[in-house]
Amino acid sequence: MADLQRKLKAQQFLDKAKKAAERGSLDIALTLCRQALTLAPHDEGARRQFHEVRIRIFRNENKGGLGLKMAELSAQMKMGNVQKLIKQNKLEEAMAMAEEIMDVNPISAKLNEFYFDVAQRTNHPEALLSAMETLAAACPDDMNLMLRLGDTYMQTGVYDRACECYRNASAKAPSARRCRGPPSRCGTEALSPASHRRRNTP
């Protein structure tokens, strides 16, 4: 199938997934998103929609307690298999298995850190960024995640979004790390510890 045809087909799946999610058929929406990603694995919009639906499913199911802890432990045991696939240069298979691991708990800090690392090592920057953005929206009080997302934006040159993350973090926690990029780029010199002290010095 030609690239254009694959993209068009993937978009059809995403359109259907959006409609399914709107009517509350989240399992169907998630399946459709997976089909779209099979056709367009580097599509950032598809990844983001997939992550959003998965988090909604997890929260609707209200999982917790011992059952969730055991499921997470089982998922962590699969991490070694992902590492083996990466060493064998089977990058798409590794990414697919990382997605399966994330299905267990898409808002787990430990599983997400693993996912972020796999996304980087398998050349899936769109998966890294979309996962971070979706998780940050779902967990707005996670300052470490907000700062990590800001760093990722800074590394990719998206300075306005990087600084928005740093500002949000600083607003919630004044001691949060300031923007580490050039102030002229970011306009966030006010977030640095030194300037914070100056503002609060009589």
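Each value, and the rule that gives it
Residues numbered from 1 in each chain as written. Predicted model: local features only at pLDDT ≥ 70, side-chain atom pairs only at ≥ 80, totals over all residues. Heavy atoms only, no water. Axes fitted to C-alpha atoms, helices over the stretch in contact; angles between N-to-C directions. Helix = DSSP H or I, 4+ residues; strand = E, 2+ residues; numbered from the N terminus. Parallel < 35°, antiparallel > 145°, perpendicular 65-115°, else oblique. Contact = heavy atoms within 4.5 Å. Nonpolar A, V, L, I, M, F, W, Y, C, P; charged D, E, K, R; others polar. 1 Å grid on protein atoms, 1.4 Å probe; cavity = no way out; pocket = protein on both sides within 12 Å on 5 of 7 lines; lining within 4 Å. Points joined across faces, edges and corners; volume = space filled by probe spheres on them.

*Asks:* Help me out: how do you make sense of the packing of helix H5 (residues 79-87) against helix H7 (residues 109-121) in this one?
*Replies:* To characterise two packed helices, one gives the angle between the axes of the helices and the distance between these axes. One can describe the packing of H5 onto H7 by two numbers: an axis separation of 11 Å at closest approach and a directional angle of 5°. In terms of orientation, H5 and H7 fall into the roughly parallel class. Counted together, Met79, Val82, Gln83 and Ile86 of H5 and Leu111, Phe114, Asp117, Val118 and Arg121 of H7 form the full contact between these two elements. For the contact of H5 with H7, a count of residues per class yields six nonpolar, one polar and two charged.

*Asks:* Just to check I follow, could you spell out empty space enclosed by the protein for this structure?
*Replies:* The rolling of a water-molecule-sized probe over the atoms marks out the regions of remaining empty space. Counted under the stated rule, the structure contains one cavity of 30 Å³ or more. Size it by volume and the largest cavity reaches roughly 40 Å³. Lining of the largest cavity is provided by His51, Arg54, Ile55, Met102, Pro106, Asn112, Ala131, Thr134 and Leu135. For the lining of the largest cavity, the secondary structure elements donating two or more residues are helix H3 (44-61) and helix H8 (125-138). Split by residue class, the lining of the largest cavity holds five nonpolar, three polar and one charged.

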